[in-house]
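# Descriptive structure summary
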Amino acid sequence: MILLGACAAWSLITAAAHDGRPEGVLLAVLAVIAGYAAGRISGALLPVAAPCAGASAGLALAVVLPGLSPGPRYAAPLGHAGAIAALLALATGAACCAAWAARGSGLRLGLRLLAAGIALTGAAMGSAIGCAASAAVLLCSLAAGSMPRRGVGIAGLALAAALVAGTIWAVAAGALPEALESRFASHRVQLWQDALRLARRDAGLGVGPGRFGELSDTAPPAVLLDDRPHSALLQQAAEQGLVGVLLLGAGFGWALYALWRTPRSTPIALTAGAALTALAAIASVGNALSFTTVTAGAGLLAGWATARPWAGDSTEL
């Protein structure tokens with residue numbers, strides 16, 4: 001909680017220094033805190049039913065309610081591929097966590113079929129990223145059952161997230177061969193490059209939260225549909241400087257550390273870690289963290305995976 005408070009405080013500091021708009025950051029932090037608290041409570045009381053209900057709700061939000069909006073604004077629809085993919089990945093992680101917490105083999109099989117159905121739903125919706133992310137979470141969850149110690153798995157997830165973030169930064173800096181950069185949409189790369197240019201203007205404090213759109217003069221106006229560079233990493237660098245980047249990375253690191261120390265079983269810890277890593281990868285190339293439903297869902301999943309059920313659960317470090 002101290003780390004999340006530091007994220008909120010730093011957004012206020014950078015906003016005061018550059019007349020920024022920290023409402024989006026504050027709302028995201030509040031959503032994570034609320035989701036985490038709700039996840040810890042419901043996970044302790046209902047270790048199977050709570051994540052199962054969350055998985056169903058996440059799937060419903062991605063499919064049935066496309067009118068949800070990003071950040072504090074309630075006009076734009078939830079039509080961004082990154083937000084849908086993030087919801088599907090988190091829903092798959094919740095279903096798999098519920099499966100590992102279930103006692104009966106029939107219930108466990110049914111919950112895994114739900115997780116597989118979420119991945120197939122992503123394919124049916126035309127969300128290739130969502131389908132791939134959900135499938136990856138499901139496969140990681142199944143593999144976690146044969147991993148006796150979670151330390152190696154947590155380290156591997158951290159490395160995977162770091163590789164994705166480093167690749168995006170390298171693309172923005174033009175440090176990769178053109179053949180690799182061409183795999184990303186040109187307008188997205190242009191936004192990343194613009195964000196990195198703004199980050200270099202003021203590496204300490206950034207240009208201020210919510211000010212990327214008004215200061216971006218490289219990307220065409222038609223590309224700036226939501227005034228964001230579509231990369232959480234580069235948005236933090238541009239708007240809140242290197243300290244903001246460090247706080248963002250520390251937040252993800254704290255989540256992995258909490259999963260490493262959780263009293264829940266190793267498969268549950270690694271399943272939740274895989275889903276959060278998938279979210280980190282999606283957020284590195286999109287604006288998924290701009291959606292309150294996604295940040296609240298991430299907090300919920302972390303809470304469910306770190307709650308101590310009243311009935312007790314084994315732990316293996």
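Residues numbered from 1 in each chain as written. Predicted model: local features only at pLDDT ≥ 70, side-chain atom pairs only at ≥ 80, totals over all residues. Heavy atoms only, no water.

## Here we look at the overall build of the protein chain
Inclusion rule: Each helix is a run of H or I in the DSSP string that is no shorter than four residues. Each strand is a run of E no shorter than two, and both are numbered from the N terminus. Two residues form a contact once any of their heavy atoms are found within 4.5 Å. Exposure was quantified through the Shrake-Rupley algorithm and a 1.4 Å probe, taking into account, for residues, occlusion by the shown protein chains and nothing else.
Within the protein chain, the secondary structure is distributed over 13 helices and zero strands. Taken from N to C terminus, the helices and strands of the protein chain fall in the order α-α-α-α-α-α-α-α-α-α-α-α-α. Once local pairs closer than 6 in sequence are excluded, the contacts in the protein chain between residues at least 24 apart make up 76%. With the model as given, the accessible surface of the protein chain reaches about 13,600 Å², and the carbon-plus-sulfur share is 70%.

## Concerning the side chain of arginine 264
Filter applied, for reference: Think of it in three bands: residues with accessible area under 20% of the maximum for their type are buried, residues over 50% are exposed, and the middle band is partly exposed, with areas taken using a 1.4 Å probe on protein chains only. Here a polar contact is taken to be a pair of N or O atoms separated by no more than 3.5 Å, where protein atoms must pair a possible hydrogen donor with a possible acceptor and residues adjacent in sequence count only if both atoms sit in side chains.
Mapped onto the secondary structure, arginine 264 falls in the loop between helix H11 (232-261) and helix H12 (266-284). We classify arginine 264 as buried; its relative accessible area is 2%. Engagement of the side chain of arginine 264 in a polar contact is seen with the backbone oxygen of tryptophan 304, the distance being 2.9 Å.

## Notes on the pattern of salt bridges
How we decide: Here a salt bridge means any side-chain nitrogen of Lys or Arg lying within 4 Å of a carboxyl oxygen belonging to Asp or Glu.
Following the criterion strictly, the structure yields one salt bridge and no others. Two residues, aspartate 194 and arginine 197, come together in a salt bridge whose shortest N-O distance is 2.8 Å. Here aspartate 194 pairs with arginine 197, and both are found in helix H9 (residues 186-201), just three residues apart, close to one helical turn. Taking the relative accessible area as the measure of exposure, aspartate 194 reaches 1% and is therefore buried.

## As for unusual backbone geometry
Of note in the backbone geometry, aspartate 19 takes a positive phi value of approximately 55° without being a glycine. Examined against the element boundaries, aspartate 19 turns out to sit in the loop between helix H1 (2-18) and helix H2 (23-45). The exposure class assigned to aspartate 19 is exposed, which follows from its relative accessible area of 65%. One non-glycine residue with positive phi stands out, namely histidine 230, at about 55°. With respect to the helices and strands, the residue histidine 230 is situated in the loop between helix H10 (212-215) and H11.

## Some remarks on the nonpolar core
For clarity, the threshold we go by: Residues grouped as a nonpolar core are buried Ala, Val, Leu, Ile, Met, Phe, Trp, Tyr and Cys residues, joined through side-chain atoms within 4.5 Å.
Leu259, Leu276, Leu279, Val294 and Leu301 are the most contacted members of the largest nonpolar core, which totals 49 residues. Of all elements in the fold, only helix H3 (49-63), helix H4 (81-101), helix H5 (105-124), helix H6 (128-144), helix H7 (151-173), H11, H12 and helix H13 (292-306) reach the threshold of two or more residues within this core. Looking at this core, the element that brings in the most residues is H4, giving 15 residues. Setting aside its immediate chain neighbours within four residues, valine 294 contacts Ala83, Ala86, Leu87, Leu90, Leu279 and Ala288. Formed by 13 residues, the second largest nonpolar core is a distinct cluster that contains Ile168, Val171, Leu198 and Val207.

## Focus on the packing of aromatic side chains
Ring pairs (aromatic) are described by centroid distance and by the angle formed between their planes. For clarity, the cut-off: Between rings of Phe, Tyr and Trp, where Trp is taken as its six-membered ring, a pair exists when centres lie within 6.5 Å; planes separated by under 30 degrees are stacked, by over 60 edge-to-face, and by other angles tilted. Either the NZ atom of lysine or the CZ atom of arginine qualifies as a charge over a ring when it sits within 6 Å of the ring centre and within 35 degrees of the ring normal.
Summed over the entire model, instances satisfying the criterion amount to three aromatic pairs. Centroid distance tyrosine 257 to tryptophan 260: 5.8 Å. Interplanar angle 55°. Geometry classified as tilted. With a gap of three residues between them, tyrosine 257 and tryptophan 260 both fall in helix H11, about one helical turn apart. The ring of tryptophan 260 is capped by arginine 261, whose NZ or CZ atom sits 5.4 Å from the centre of that ring.

## Things to note about the confidence of the model for the protein chain
Threshold: The predictor attaches a confidence to each residue, and that confidence, scored 0 to 100, is pLDDT.
Per-residue confidence for the protein chain gives a mean pLDDT of 87, with 90% of residues at or over 70. When the criterion is pLDDT under 50, residues 68-79 qualifies, and its contacts beyond four places in sequence or with other chains add up to 30 contacts.

## Describing the environment of isoleucine 154
Within the secondary structure layout, isoleucine 154 lies in helix H7. Residue isoleucine 154 is classed as buried on the basis of its relative accessible area, which comes to 9%. If near-sequence neighbours (up to four positions away) are discounted, isoleucine 154 is found in contact with Leu256, Leu259, Trp260 and Leu270.

## Topic: H7
Formally: Here a helix's expected span is defined as the number of its residues, less one, multiplied by 1.5 Å.
With 23 residues, H7 extends 33 Å between its outermost C-alpha atoms, agreeing within 8% with the 33 Å of an ideal straight helix rising 1.5 Å per residue. The set of residues buried in H7 consists of Gly153, Ile154, Leu157, Ala161, Ile168, Ala170, Val171 and Ala172. Buried positions along H7 lie against helix H8 (178-181), H9, H11 and H12. Downstream of H7 by a residue or two, glycine 174 has a phi angle that is positive, lying close to 70°.

## Looking at the environment of histidine 230
For histidine 230, a relative accessible area of 13% puts it in the buried group. In this structure the C-alpha to C-alpha distance between histidine 230 and tryptophan 192, which are 38 residues apart in sequence, comes to 7.5 Å.

## Notes on H2
With 23 residues, H2 ought to run about 33 Å at 1.5 Å a step, and its terminal C-alpha atoms sit 33 Å apart, in line with that. When H2 is considered as a whole, its buried residues turn out to be Val29, Ala31, Gly35, Tyr36, Gly39, Gly43 and Ala44. Close packing links the buried residues of H2 with H1, H3, H11 and H13.

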